[in-house]
Amino acid sequence: MTHAFRKYCLWLSLPLLAALAACSGEQVLNSMTSTKDFQRTQNMPYDAAKNLRLDVYTPQNQTKRPVVVFFYGKRWTSGSKDEYEFVGGALSRIGYCTVIPDVSLYPMSRFPAFVNDGAKVVKWTRDHIGDYGCDPKKIFVMGHSSGAHIAAMLALNEQYLASVGGSRTWLRGMIGLAGPYDFLPLVDPTLRDLFGPPEKFEQSQPIMFTDGRNPPLLLMAGEDDEIVQVSNTRNLAASVGRAGGPVETVIYPKMSHPRILASIGPGLRGQSDVIDHIREFLGKWSDANYVNRLNTPGIITTPLPP
């Protein structure tokens, strides 16, 4: 991005991010992110055969911090870890290490390749994050949109972390922002191809794997979401709660699909309490006795004003 283009993006009003044609919301938020809160290590390979890499963000002057593995969204088809510096900055600012990977994308890859990639990222984090002064025994997964789908699959379906020699006990918790967790039937031709053949469709749904043994979940969504229906969050929370698993939900009456993630970035942080709920959840489950995490079963819902 040129200096002039950067200044132009900063000049634009943040409430108009969704309508910008000249620069994306992520560009604006990244350009406003202060690097004084973190150190960024870029392009660490976690799957050399597929040329997949990740970035690590570590808070300045802090050690043995819990770590959040963040998966970005964009419908399993596009995106780059480089677009989400503002996420690493936001989580560093509240005292957490962050790992942001690239994963396999459609049409070069199909389900479950990107979830398998997610498991490899968690494995890499478990094995290497201690080298960055972070705590490999306190790992959370987090995602927005289709990234929340990946995070949920890792937290709910034991097979993925088992395939890399681990288990869901590696995870202290999962945070999902506006995630698709219960989106059958598949009508869109792209999604049918991405998750096909049809006999595999059910295996792509996080809600199919609610067994009550999941790590704690924080599921957040907005009623104004026109991309992923809020019923995905409500349905998954209800299913996890019926199974006796720990889950918390926060539903915002007036929150759009992109805004729920942008709300943790600079400039928008004070306009909602999204980052506050994330901080509270991470703090609670970082400090909790992990073995006894299932002592808080059921659904905890945060009521919000209309």
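For the structure given in this document, a descriptive report is provided here. Treat the numbers as computed from the prediction; the structure is a model and nothing was measured.

**Describing the overall build of the protein chain**
Counting secondary structure elements, the protein chain contains 10 helices and nine strands. Of all intrachain contacts in the protein chain linking residues separated by at least 6 positions in sequence, the fraction that spans at least 24 positions is 74%. Element-wise, carbon and sulfur atoms account for 51% of the exposed surface of the protein chain, whose accessible area totals about 12900 Å².

**Concerning the packing of aromatic side chains**
For the structure shown, the criterion picks out 13 aromatic pairs. Ring geometry for Tyr84 versus Phe86: centroids 6.0 Å apart, planes at 40 degrees, classification tilted. Residue Tyr84 is classed as buried on the basis of its relative accessible area of 2%. Put simply, the rings of Trp76, Phe111, Phe114, Phe183 and Phe195 pair up and form one aromatic cluster. The ring of Tyr96 has Arg65 sitting right over it, with the charged end atom 5.6 Å from the ring centre.

**Digging into the nonpolar core**
Counting 52 residues, the largest nonpolar core has Phe114, Val141, Leu154, Met174 and Phe195 as the members making the most contacts within it. It is helix 5 (residues 146-156) that provides the largest number of residues to this core, a total of eight residues. Not counting chain neighbours up to four residues away, the residues in contact with Val141 comprise Val69, Phe71, Val122, Ala151, Leu154, Leu171, Gly173, Met174 and Ile175. The next biggest cluster of nonpolar side chains, apart from the first, holds 35 residues, and it includes Leu177, Val250, Phe281 and Leu282.

**A short note on the environment of Val247**
Relative to the assigned elements, Val247 resides in strand 8 (residues 246-252). Assessed through its relative accessible area of 2%, Val247 is described here as buried. For Val247 and Leu217, which are 30 residues apart along the polypeptide, the C-alpha to C-alpha distance reads 4.5 Å.

**With respect to the state of the cysteines**
Among covalent bonds in proteins, the disulfide is the one between the sulfur atoms of two cysteines. With the rule as written, the count across this model stands at one disulfide. Disulfide pairing places Cys97 opposite Cys134 at an S-S distance of 2.1 Å. Residues Cys97 and Cys134 are joined by a disulfide whose S-S torsion is about -90 degrees; by sign, that bridge is left-handed. In this pair, Cys97 is assigned in strand 4 (residues 97-101) and Cys134 in strand 5 (residues 134-144), connecting sequence segments 37 residues apart. For the pair Cys97 and Cys134, one class covers both residues: buried.

Thresholds applied
- Residues numbered from 1 in each chain as written.
- Predicted model: local features only at pLDDT ≥ 70, side-chain atom pairs only at ≥ 80, totals over all residues.
- Heavy atoms only, no water.
- Helix = DSSP H or I, 4+ residues; strand = E, 2+ residues; numbered from the N terminus.
- Contact = heavy atoms within 4.5 Å.
- Areas by Shrake-Rupley, 256 points an atom, 1.4 Å probe, with all protein chains shown as cover.
- Phe/Tyr/Trp six-rings, centres within 6.5 Å; stacked < 30°, edge-to-face > 60°.
- Buried < 20%, exposed > 50% of the residue type's maximum accessible area, 1.4 Å probe, protein only.
- Lys NZ or Arg CZ within 6 Å of the ring centre and 35° of its normal.
- Core = buried A, V, L, I, M, F, W, Y, C linked by side-chain atoms within 4.5 Å.
- Disulfide = S-S within 2.5 Å.

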